[in-house]
Amino acid sequence: MRRSGWVWPVILGLCAAVLAPTARVARATEAAPVGPAGPDCGRLACVALTFDDGPSEATSALLDDLADARVRATFFVVGDQARWWPTQLRREVAEGHAIGNHSLTHPYLATLTPAQVHEELLGGENAIAEITGTRPLLVRPPYGNYSAAVRSFGHPLVLWDVETLDWQHHDPAQVLARVAAQVRPGSIVLMHDTQNQLDTLAAVPRLIRNLRAAGYTLVTVPELLAPHTLVPGAVYRDRASAARPAEHPQPWDTVPPTAAEDTAAGVAGTVLWQYASGADTGPAEAETVEHGLRPGECRNLTQPPAAATDTRAFALRNLTGHTVELHDRRDCTEATAALTPGGEQYGPVRSFRVRTADGTPAAAR
């Protein structure tokens, strides 16, 4: 049964004007070229719509909408959900959508042991393969939370650069407005196709019309990243991160020091943060390493001169023996996540603070 119509506020009609283009196989362990062949996203202004956490009952109506618009999207599937809703997953494959692995049960992977990470990712992969007959190449870690163990599973990690926050506000108007404000050629848009997202999924037909009116071509993630070779364990958040990779990527299998290695001068180890370089040529993303850290000290992630002035850091990697708090305010007063030693977290960050040995920030003692 199709959804009933929705009365859109006047603001939704303005979004188009704002959207200016600026059989089972073995699990892959080698770098692989992206395919299949599709639109030339090196020439066109391509955008990939992606949907996480399904399939669910809501996926059927979403697939109807995508079919009506002749759009192929990318679904990052939770294994347990796929076993509850196998018909929807089979339909996604039959209608040409791309499928990625979103784990078996949707945990914070960076908090798990390497054996548990392998069990979660292989479990999700197996569930998809049992239903579709094909093992997915791409992985999206739940919550954008990953670690060396996640990277070493041997698949490219696909994140996003347009966050609709549909899971938070459940508001179709905000979905359209947030995409309008963030989208650019090569973007990967994050949405969710769970049953509690019926209201925001109702925005998808209008979102497609707005993007097309602004000159965008809608493609799957493999089409967006083609013809670049994706590297197992590497992280991709948009087309630029595949087309213009970092010149000196950091090793991601480094073991962080322990808190016992701290000295009077400060915490052993470093925190690495990444930001969009803002450069027209060269790598699309740059990195800064913070060292000489002290427990409880707030570090403000001020953008270097080469970065766009309105961008925050988009990822942190904790190479200390302590938990690191991530904050969305410059003064470390609005915590959004906690990053365990060796963990990596994707998402906008304005400041961070290293916790003390007893697990609390110094300011709270």
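Each remark here, short or long, concerns the structure printed above.
Residues numbered from 1 in each chain as written. Predicted model: local features only at pLDDT ≥ 70, side-chain atom pairs only at ≥ 80, totals over all residues. Heavy atoms only, no water.

> I'd love a proper account of the overall build of the chain, names of residues and values included.
Along its length, the chain carries 12 helices and 19 strands. Put simply, the chain has 365 residues, and 52% of those count as buried. Summed over all atoms, the accessible surface of the chain reaches about 15900 Å², with 55% contributed by carbon and sulfur. (Helix = DSSP H or I, 4+ residues; strand = E, 2+ residues; numbered from the N terminus. Buried < 20%, exposed > 50% of the residue type's maximum accessible area, 1.4 Å probe, protein only. Areas by Shrake-Rupley, 256 points an atom, 1.4 Å probe, with all protein chains shown as cover.)

> Give a detailed account of the sheet that holds strand β19 (residues 351–354), specifying residues and quantitative values.
Ordered in space as β14-β19-β16-β17, the 4 strands form an open sheet in which the pairing is antiparallel. If you trace the sheet from one side to the other, it starts and ends with β14 (298–300) and β17 (335–339), each paired once. In this sheet, adjacent strand axes meet at a mean angle of 25° when their direction is disregarded. Relative to β19, strand β16 (residues 324–327) runs antiparallel, the two sharing 4 bridges. Within the sheet, the bridge partner assigned to Leu 326 lies in β19 and is Phe 352. (Pairing = 2+ DSSP bridges. Axes fitted to C-alpha atoms, helices over the stretch in contact; angles between N-to-C directions.)

> Which residues make up the packing of helix α2 (residues 58–69) against helix α10 (residues 204–213), and what values go with them?
For the pair α2 and α10, the least separation of the axes is 10 Å and the interaxial angle reads 30°. Classified by the angle their axes make, α2 and α10 are roughly parallel. For α2 against α10, the interelement crossing comes out right-handed. Facing Leu 62, Asp 65, Leu 66 and Ala 69 of α2, the residues of α10 in contact are Val 204, Pro 205, Ile 208 and Arg 212. The class makeup of the residues in the contact of α2 with α10 is 6 nonpolar, no polar and 2 charged. (Parallel < 35°, antiparallel > 145°, perpendicular 65-115°, else oblique. Left-handed = near helix turned anticlockwise from the far one by under 90°. Contact = heavy atoms within 4.5 Å. Nonpolar A, V, L, I, M, F, W, Y, C, P; charged D, E, K, R; others polar.)

> Go over the side chain of Gln 88, please, and point to the residues and values.
You can see Gln 88 is positioned in helix α4 (residues 86–94). At 3.2 Å, the side chain of Gln 88 and the side chain of Ser 60 are in polar contact. Beyond its immediate sequence surroundings of up to four residues, Gln 88 is in contact with Pro 55, Ser 56, Glu 57, Thr 59, Ser 60 and Leu 63. (Polar contact = N/O pair within 3.5 Å; in protein donor to acceptor, adjacent residues only side chain to side chain.)

> Provide a residue-level description of the sheet that holds strand β12 (residues 269–276), including the pertinent values.
Working definition: the strands of a sheet are paired by backbone hydrogen bonds and lie parallel or antiparallel to each other. Strand order in this open sheet of 5 strands is β5-β18-β15-β12-β13, and the pairing throughout is antiparallel. Among the strands making up the open sheet, the edge pair consists of β5 (145–147) and β13 (285–290). When strand polarity is set aside, the average angle formed by the axes of neighbouring strands in this sheet is 25°. Here 3 bridges tie β5 to strand β18 (residues 343–349), and the two strands are oriented antiparallel to one another. Looking across to β18, one finds that Asn 145 is bridged to Gln 345.

> Run through the nonpolar core, naming residues and quoting values.
Core analysis: the biggest nonpolar cluster contains 34 residues, and Leu 49, Phe 51, Leu 66, Phe 75, Val 204, Ile 208 and Leu 211 have the highest contact counts within it. Secondary structure elements with two or more residues in this core: β2 (46–52), α2, β3 (74–77), α5 (114–132), α8 (172–182), β8 (188–192) and α10. Take this core: its biggest share by element is 5 residues, from α2. Not counting residues up to four positions away in its chain, the partners in contact with Phe 51 are Leu 62, Ala 73, Thr 74, Phe 75, Phe 76, Met 191, His 192, Asp 193, Leu 201 and Val 204. (Core = buried A, V, L, I, M, F, W, Y, C linked by side-chain atoms within 4.5 Å.)

> Pulling in residues and values, what's your account of the packing of α2 against α4?
Remark: α2 packs on α4, axes separated minimally by 9 Å, with the N-to-C direction vectors making an angle of 20°. In terms of orientation, α2 and α4 fall into the roughly parallel class. Considering how the two elements wind past one another, α2 and α4 form a crossing that is left-handed. The residues of α4 that touch α2, namely those facing Thr 59, Ser 60, Leu 63 and Asp 64, are Gln 88, Arg 91 and Glu 92. A per-class count over the contact of α2 with α4 returns 1 nonpolar, 3 polar and 3 charged.

> An account of α2 is requested, with residue identities and associated values reported.
In a regular helix each residue adds 1.5 Å, so 12 residues correspond to 16 Å; α2 covers 17 Å between its end C-alpha atoms and thus fits that length. Within the span of α2, buried status applies to Ala 58, Thr 59, Ala 61, Leu 62, Leu 63, Asp 65, Leu 66 and Ala 69. Backbone geometry just after α2 places Arg 70 at a positive phi near 55°. (Expected span 1.5 Å × (residues − 1).)

> Before we move on, can you summarise the packing of aromatic side chains with the specific residues and values?
This model, assessed by the stated rule, comprises 2 aromatic pairs. Judged by centre distance (5.5 Å) and plane angle (25°), the rings of Phe 51 and Phe 75 are stacked. One end of the pair, Phe 51, is in strand β2; the other, Phe 75, is in strand β3, and 24 residues separate them in sequence. Of the two residues, Phe 51 and Phe 75, neither departs from the other in class, the shared state being buried. Seen in terms of ring centroids, Tyr 108 and Tyr 143 are 3.9 Å apart; in terms of plane orientation they differ by 5°. Their pairing is stacked. Here the residue Tyr 108 occupies a position in the loop between β4 (98–101) and α5, and Tyr 143 occupies one in the loop between α5 and β5, the gap between them amounting to 35 residues. (Phe/Tyr/Trp six-rings, centres within 6.5 Å; stacked < 30°, edge-to-face > 60°.)

> Before we move on, could you go through the pairing of β16 and cite the residues and values that matter?
On β16, burial covers both faces: Val 324 and Leu 326 on one face and Glu 325 and His 327 on the other are all buried. Both β16 and β17 contribute to a ladder of 4 bridges, which runs antiparallel. Within β17, the residue paired with His 327 across the bridge is Ala 335.

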